[in-house]
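# Structure assessment
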Amino acid sequence: MKTAPALMNKFAKGKPVETKKNNSIKNVLVYTRVSSKDQEDNLSLPTQMKYCVEYSEKRCWNILEYFGQRSESAKTDERKEFKKLMDYARKHHKNISSILVYSLDRFSRSETASLQSSMLRKLGIEIISVTQPIDTSSPSGILQQDITFLFNRWDNMQRRSRCMTGMKEKLLKGEWIGCVPLGYSYDRSGNTKEQTIVTNKDAVLVKKAFIMKVRENLSHMEIAKILSGKGLKITHKKLSKMLRNPFYCGYVSHNLLDGEVIKGKHPAIISQEFFLQANEILKQNASGYKKDLHKDNLPLKQFLLCDCCKQAMTGYFNKKKKIYYYKCYTPACHNNVSAKQTHQLFATILEHIQLDEHLIGLYKEQLIMTYHNKTKEDAEDRKAINTQLHQMKEEYEELEKRYAFGKIERAMFDKFGVRIQEQIRKIEEQKEKIEVKISNPEKLAETAAHFFCNLQEIWLQEDLEKRLLLQKIIFPEGIYYDKQNKYFRTTHINELIFLIASLSDTFEQKIRRLQDFYVLQSPPVESEGFEPPDLLQSTVFKTAAFDRSASSLIFRSTKV
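A quick note: this is a predicted structure, and the numbers were derived from the prediction, not measured.

Conventions we followed
- Residues numbered from 1 in each chain as written.
- Predicted model: local features only at pLDDT ≥ 70, side-chain atom pairs only at ≥ 80, totals over all residues.
- Heavy atoms only, no water.
- Helix = DSSP H or I, 4+ residues; strand = E, 2+ residues; numbered from the N terminus.
- Buried < 20%, exposed > 50% of the residue type's maximum accessible area, 1.4 Å probe, protein only.
- Contact = heavy atoms within 4.5 Å.
- Areas by Shrake-Rupley, 256 points an atom, 1.4 Å probe, with all protein chains shown as cover.
- Pairing = 2+ DSSP bridges.
- Phe/Tyr/Trp six-rings, centres within 6.5 Å; stacked < 30°, edge-to-face > 60°.
- Lys NZ or Arg CZ within 6 Å of the ring centre and 35° of its normal.
- Axes fitted to C-alpha atoms, helices over the stretch in contact; angles between N-to-C directions.
- Parallel < 35°, antiparallel > 145°, perpendicular 65-115°, else oblique.
- Left-handed = near helix turned anticlockwise from the far one by under 90°.
- Nonpolar A, V, L, I, M, F, W, Y, C, P; charged D, E, K, R; others polar.

## Some words on the overall build of the protein chain
Assigned secondary structure in the protein chain consists of 18 helices and 16 strands. Each of the 560 residues in the protein chain was classed as buried or not, and the buried ones make up 41%. Put simply, 68% of the contacts in the protein chain that link residues at least 6 apart link residues at least 24 apart. For the protein chain, the accessible area works out to roughly 33,800 Å², and carbon and sulfur atoms hold 52% of it.

Here's what the structure looks like:
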């Protein structure tokens with residue numbers, strides 16, 4: 001091979017081969033690892049160290065650093081000693097030839113083992129097993145080493161599978177795995193290999209918690225407070241999990257049981273019947289709070305606001321008169337009104353703001369038009385979001401590659417990786433919001449039209465949940481009640497409802513109704529929902545009775 005003149009070297013391509021320092025004596029690192037404390041106690045670490053040192057001495061290699069000397073699982077590469085090894089290798093790679101390990105499975109059993117070895121190889125560092133001699137200077141040797149890594153990974157998965165099978169078999173026998181629940185302890189005093197679980201001093205308070213839930217129906221917060229006073233510190237969230245755990249009535253439930261519940265060998269703290277009673281109460285009231293049995297008769301409770309003190313009005317039942325009332329409990333206010341009277345006024349309001357039947361066709365046409373316009377805008381937004389999402393995912397993939405090849409440190413990868421993932425999550429959430437599609441907009445428009453034609457009927461006849469939803473849709477911030485003038489007032493009405501009301505009468509009817517039912521004040525009503533673009537320009541909508549410059553809508557009825 002003829003070498004070009006030195007003047008031509010500036011036209012050469014590729015990087016020149018870097019020569020290691022101290023070529024006469026190879027510098028190496030030694031890494032040892034055991035996956036459990038038992039292996040460490042059985043002198044596995046000293047054995048690994050001995051073989052690595054002897055291998056190095058025979059070849060007159062210089063050991064720069066030792067890493068390991070502690071138990072670390074190889075399931076992932078988040079190990080502290082392993083991270084120290086890799087960081088040191090990247091920092092001093094020009095002065096390191098090899099990393100010595102007892103066997104390749106001591107280096108790693110994770111799926112990234114081949115990637116890590118490839119990265120080190122690019123830095124000029126080879127992984128050498130003292131018990132598995134493989135020549136990685138050739139492609140076949142590299143393939144053999146990668147196959148060994150894959151086999152180690154497979155072996156690790158096989159061991160895990162056997163371990164999970166053993167755990168499942170143990171559960172099927174009625175025995176427990178892991179820490180026992182509150183109120184129980186393991187009895188390790190005997191020499192028998194059989195698992196023995198006994199109750200401890202907390203069992204009495206655990207049983208008391210179930211009793212308080214079944215017999216007194218106390219909330220989780222109240223029960224936790226009582227138990228805390230007796231010396232058992234427990235949060236209401238942990239208490240909720242405890243009350244739902246069948247372990248306390250003698251049964252074992254675990255994710256490994258694939259939906260089965262097994263009779264356990266441990267003693268039960270409460271009976272099965274008592275446990276089921278407690279959970280029936282929890283099922284009826286999942287939040288853990290007492291259910292208000294009178295709420296069906298007080299749908300405006302907490303929704304109705306006192307116009308004097310601006311506080312939410314609660315409700316109560318007068319046993320003597322057998323009448324429901326709404327009441328404000330603010331001192332010196334005592335706004336008190338009959339629920340029947342209040343419901344009549346509210347129903348009258350709904351009647352006069354609902355859609356007239358002769359406008360159903362026009363309303364449906366406008367809704368469909370608005371939907372198609374919005375869909376067209378969403379398509380453009382989706383395109384922009386997809387482009388942005390693709391760019392962010394490419395940035396994260398590039399960051400992963402840079403970390404895998406040692407161009408950035410773990411701390412830098414974590415810092416920027418979390419940021420990019422958070423941005424991707426927000427973009428995907430934004431994408432989901434605009435990807436809501438309606439399969440049959442015509443049918444939905446028809447349903448909406450009939451809904452807005454029957455506001456009063458829906459509120460009077462439907463169940464509590466639908467009545468509350470209807471109230472929240474129309475008046476998102478509630479309504480104020482003035483006890484002196486006996487009328488309702490709101491500062492926030494749904495824009496679509498406001499539009500419907502403005503279209504449902506002639507101008508003369510509005511003026512007449514204004515005198516009997518409505519009084520308007522100033523400035524603007526805050527919008528809610530969407531604004532149909534064509535109908536908003538109608539002359540009817542700009543009439544004085546429903547001027548959009550009104551900030552507060554007052555409803556008053558002479559019939560009440």
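## Some details on the pairing of strand β11 (residues 323-327)
Within β11, four of the five residues are buried, leaving the element largely enclosed by the surrounding structure. Summarising the sheet, strand β10 (residues 314-318) and β11 pair through five bridges and their orientation is antiparallel. Counted as the bridge partner of Phe 317 is Tyr 324 from β11. Here β11 pairs with strand β12 (residues 336-338) via three bridges, running antiparallel. Each bridged residue has a counterpart across the sheet, and for Lys 327 the counterpart in β12 is Asn 336.

## Focus: the packing of aromatic side chains
The geometry of two aromatic rings is summed up by the distance between their centres and the angle between their planes. Counted under the stated rule, the structure contains 18 aromatic pairs. Their ring planes at 45 degrees and their centres at 6.3 Å tell us that Phe 210 and Phe 275 sit as a pair that is tilted. Separated by 65 residues along the polypeptide, Phe 210 in helix α7 (residues 203-215) and Phe 275 in helix α10 (residues 272-284) bring together distant segments of the chain. Measuring from ring centre to ring centre gives 5.1 Å for Phe 451 and Phe 452, while their planes differ by 75 degrees; the resulting arrangement is edge-to-face. The exposure class assigned to Phe 451 is partly exposed, which follows from its relative accessible area of 28%. Counting every residue linked through ring pairs, the aromatic cluster contains Trp 176, Tyr 184, Phe 210, Phe 247, Tyr 248 and Phe 275. When the ring centre of Tyr 251 is taken as origin, the NZ or CZ atom of Lys 263, which lies over that ring, is 4.8 Å away. Of note, Lys 310 hangs over the ring of Tyr 480, and the distance from its end group to the ring centre comes to 5.3 Å.

## Quick look at the packing of α7 against α10
Put simply, α7 and α10 touch, their axes get as near as 9 Å, and they point 55 degrees apart. One finds that α7 runs oblique with respect to α10. Between α7 and α10 lies a crossing whose hand is left-handed. Contacts between α7 and α10 involve Phe 210, Ile 211, Lys 213, Val 214 and Arg 215 from the former and Phe 274, Phe 275, Gln 277, Ala 278, Ile 281 and Leu 282 from the latter. Partitioned by chemical class, the residues of the contact of α7 with α10 number eight nonpolar, one polar and two charged.

## Examining the packing of α7 against helix α9 (residues 236-243)
Look at α7 against α9: their axes get within 11 Å of each other, and the N-to-C directions meet at 85 degrees. Taken as axis vectors, α7 and α9 run roughly perpendicular relative to one another. Across the interface between the two elements, Val 206, Ala 209, Phe 210 and Lys 213 from α7 touch Leu 239, Met 242 and Leu 243 from α9. Along the lines of polarity and charge, the residues of the contact of α7 with α9 split into six nonpolar, no polar and one charged.

## Regarding the sheet that holds β12
On the basis of which strands lie adjacent, the open sheet formed by three strands has the order β10-β11-β12 and antiparallel pairing. Of all the strands in the sheet, just β10 and β12 have a single pairing partner and so form its edges. For this sheet the average axis-to-axis angle between neighbouring strands, irrespective of direction, equals 30 degrees. Along the sheet face, helix α11 (residues 339-353) touches β11 and β12 and points at about 75 degrees away from the line of β12.

## Details of the sheet that holds strand β4 (residues 126-129)
Taken in spatial order, the four strands line up as β2-β1-β3-β4 in an open sheet, and their pairing is parallel. Across the chains shown, the open sheet's two edge strands, defined by having one partner strand only, are β2 (62-67) and β4. Between one strand axis and the next, the sheet turns through 30 degrees on average, direction left out of account. In the sheet, strand β3 (residues 98-101) pairs with β4 via four bridges, with the strands oriented parallel. Counterpart to Ser 98 in the pairing with β4 is Glu 126.

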